[in-house]
Amino acid sequence: MDKKEGKSMIEIGKYAGFCGGVINSVVKSEKALNEYEKLYCLGELVHNKQVVEDLESKGLIFIESLSEVEDNSNVIIRAHGVPKETYEEANNREINLIDLTCPKVLKIHDEVKELTNKGYSTILVGSKKHPEVIGTISFASPDSIVVESLDELKEVWDSFKDKEHIAVFAQTTHSIKSFKEIEEYLKDYPNVVINNTICDATNLRQEECKNMSKEKDCMIIIGGKNSSNTKKLYEVASEYCKNTYIIETKDDLNVQEIKNFKNIGIMAGASTPKNSIDEVFILLQNNK
Ligand code: SF4
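Residues numbered from 1 in each chain as written. Predicted model: local features only at pLDDT ≥ 70, side-chain atom pairs only at ≥ 80, totals over all residues. Heavy atoms only, no water.

With respect to the nonpolar core
- Counting 27 residues, the largest nonpolar core has Ile-220, Ile-258, Ile-266 and Leu-284 as its most contacted members.
- Residue assignment for this core shows that the elements contributing at least two residues are β2 (8-12), α8 (200-215), β11 (218-222), α9 (228-240), β12 (244-247), β13 (263-268) and α11 (274-286).
- For this core, the leading source of residues is β11, giving five residues.
- For Ile-266, the contacting residues outside a window of four places in its chain are Ile-10, Glu-11, Ile-12, Gly-13, Ala-16, Met-212, Ile-220, Ile-222, Ile-277, Val-280, Phe-281 and Leu-284. (Core = buried A, V, L, I, M, F, W, Y, C linked by side-chain atoms within 4.5 Å. Buried < 20%, exposed > 50% of the residue type's maximum accessible area, 1.4 Å probe, protein only. Helix = DSSP H or I, 4+ residues; strand = E, 2+ residues; numbered from the N terminus. Contact = heavy atoms within 4.5 Å.)

Have a look at this one:
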């Protein structure tokens with residue numbers, strides 16, 4: 001979608017906003033709210049305050065740990081997935097899990113399990129504190145590690161490189177550029193198998209963001225403060241467009257600062273709802 005007025009143009013990226021995994025988890029959570037009298041969600045369903053508040057108003061109860069619920073409760077697992085210990089605890093306490101882990105994340109869990117069973121140690125490239133990473137690494141061997149960048153990998157590589165079999169995986173929303181640097185560094189080690197598990201949705205969004213940023217004199221990135229993929233979009237855009245702003249909602253936008261730009265691009269993270277994007281678009285349009 002784009003809007004031309006005189007020489008000004010505002011363009012929303014084709015891949016901005018909800019990815020398939022997030023749509024799946026939001027739609028199924030709303031459906032589950034109609035089915036269960038009391039429904040919990042383990043962690044924020046998506047890293048977006050507006051979406052979380054909306055579901056909360058419809059009755060969804062957010063918890064940080066299974067220790068907060070009674071046995072036999074109904075608990076949603078969000079798109080990021082959870083560690084294997086969560087499945088074990090739920091099983092032991094007969095907690096009904098409504099597993100909305102994105103199928104792409106579940107596939108990575110399966111691949112990590114399979115290679116771990118074959119004797120591989122894992123290097124997971126991603127953010128150590130991100131729930132998806134905490135979930136995925138739990139299926140790897142105990143000597144496995146998480147690194148966020150090539151620099152971090154270099155710090156530990158000497159003590160890791162002699163393992164017999166090493167498998168490398170990526171957090172689905174990791175930066176393509178950062179993963180490629182690691183891939184290049186490791187490509188000549190015969191004991192290393194690289195699995196680029198960055199999700200297609202992330203690939204397309206980051207690529208589009210890069211291309212837009214090269215053409216625009218201002219980029220606006222919309223997404224939750226905790227959203228790792230939104231932060232990555234900001235990093236990508238900032239590299240090519242010096243006037244890049246990251247906001248959570250239209251209320252964070254400094255219209256006076258932005259209104260003189262002629263060619264504005266809008267991108268949004270995977271957990272940003274369409275109405276948040278439209279609100280920013282309309283605000284900019286009305287101030288042109
Ligand atoms: S970014 Fe990709 S892997 Fe993550 S939830 Fe969305 S579709 Fe699934």
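The structure having been displayed, the exposition proceeds.
Points about the environment of Tyr-185
- Here Tyr-185 shows up in helix α7 (residues 176-186).
- Judged by its relative accessible area of 31%, Tyr-185 is partly exposed.
- Separated by 31 residues in sequence, Tyr-185 and Lys-154 have C-alpha atoms that sit 9.2 Å apart.
- If we skip the residues at most four places from it in the chain, Tyr-185 touches Leu-150, Leu-153, Lys-154 and Trp-157.

Here we look at the packing of aromatic side chains
- What the rule picks out here adds up to one aromatic pair.
- Look at Trp-157 and Tyr-189: their rings are 5.0 Å apart centre to centre, the planes differ by 80°, and that puts the pair in the edge-to-face class. With a gap of 32 residues between them, Trp-157 in helix α6 (residues 150-160) and Tyr-189 in the loop between α7 and β10 (192-194) connect regions that are remote in the sequence.
- Judged by its relative accessible area of 28%, Tyr-189 is partly exposed.
- The ring of Phe-160 has Lys-163 lying over it, and the distance from NZ or CZ to the ring centre is 5.1 Å. (Phe/Tyr/Trp six-rings, centres within 6.5 Å; stacked < 30°, edge-to-face > 60°. Lys NZ or Arg CZ within 6 Å of the ring centre and 35° of its normal.)

Details of the site of the ligand
- Every residue near the ligand is listed here: Cys-19, Gly-21, Cys-102, Lys-104, Thr-172, Thr-173 and Cys-199.
- Split into classes, the residues belonging to the shell around the ligand amount to three nonpolar, three polar and one charged. (Near = heavy atom within 4 Å. Nonpolar A, V, L, I, M, F, W, Y, C, P; charged D, E, K, R; others polar.)

Some words on the sheet that holds strand β6 (residues 96-99)
- Sheet architecture is open: four strands sit in the order β4-β3-β5-β6, paired in parallel fashion. Single-partner strands in this sheet number two, and they are β4 (61-63) and β6. Sheet twist, expressed as the average angle between the axes of neighbouring strands with direction ignored, equals 30°.
- The pairing of strand β3 (residues 40-42) with β4 spans three bridges and is parallel. The residue bridging Tyr-40 from the neighbouring strand is Ile-61, located in β4. (Pairing = 2+ DSSP bridges. Axes fitted to C-alpha atoms, helices over the stretch in contact; angles between N-to-C directions.)

Considerations on the pairing of β11
- The element β11 is extensively covered by neighbouring structure, given that five of its five residues are classed as buried.
- Here β11 shows two buried faces, one formed by Cys-218, Ile-220 and Ile-222 and the other by Met-219 and Ile-221.
- The pairing of β11 with β13 spans five bridges and is classified as parallel. Looking across to β13, one finds that Ile-221 is bridged to Met-267.
- The pairing of β11 with β12 spans four bridges and is parallel.

A few points about the domain arrangement of the chain
- Parsing the chain into structural domains produces domain 1 (2-18 + 201-286), domain 2 (20-101) and domain 3 (104-198).
- For domain 1 and domain 2, the distance between their C-alpha centres works out to 30 Å.
- Each partner contributes residues to the interface: domain 1 has ten residues there, and domain 2 has eleven residues.
- Summing both sides of the interface, domain 1 and domain 2 together bury roughly 840 Å²; the carbon and sulfur share of this comes to 59%.
- Looking at the side of domain 1 facing domain 2, the largest losses of area belong to Phe-18, Asn-226 and Ser-271, adding up to 54% of the total buried there.
- Between the two partners, domain 1 and domain 2, sit zero salt bridges.
- Of the residues in the side of domain 1 that touches domain 2, the class split is three nonpolar, six polar and one charged. (Domains from an automatic or database assignment. Buried area = accessible area lost by both parts, 1.4 Å probe. Salt bridge = Lys/Arg side-chain N within 4 Å of Asp/Glu carboxyl O.)

Concerning the side chain of Ser-121
- Counting through the fold element by element, Ser-121 comes out in strand β7 (residues 121-125).
- Overall, the relative accessible area of 6% leaves Ser-121 in the buried class.
- A polar side-chain atom of Ser-121 sits 2.9 Å from a polar atom in the side chain of Asp-143.
- Excluding residues within four positions of it along the chain, Ser-121 makes contact with Ser-141, Asp-143, Ser-144, Phe-160, Lys-163, His-165, Ile-166 and Ala-167. (Polar contact = N/O pair within 3.5 Å; in protein donor to acceptor, adjacent residues only side chain to side chain.)

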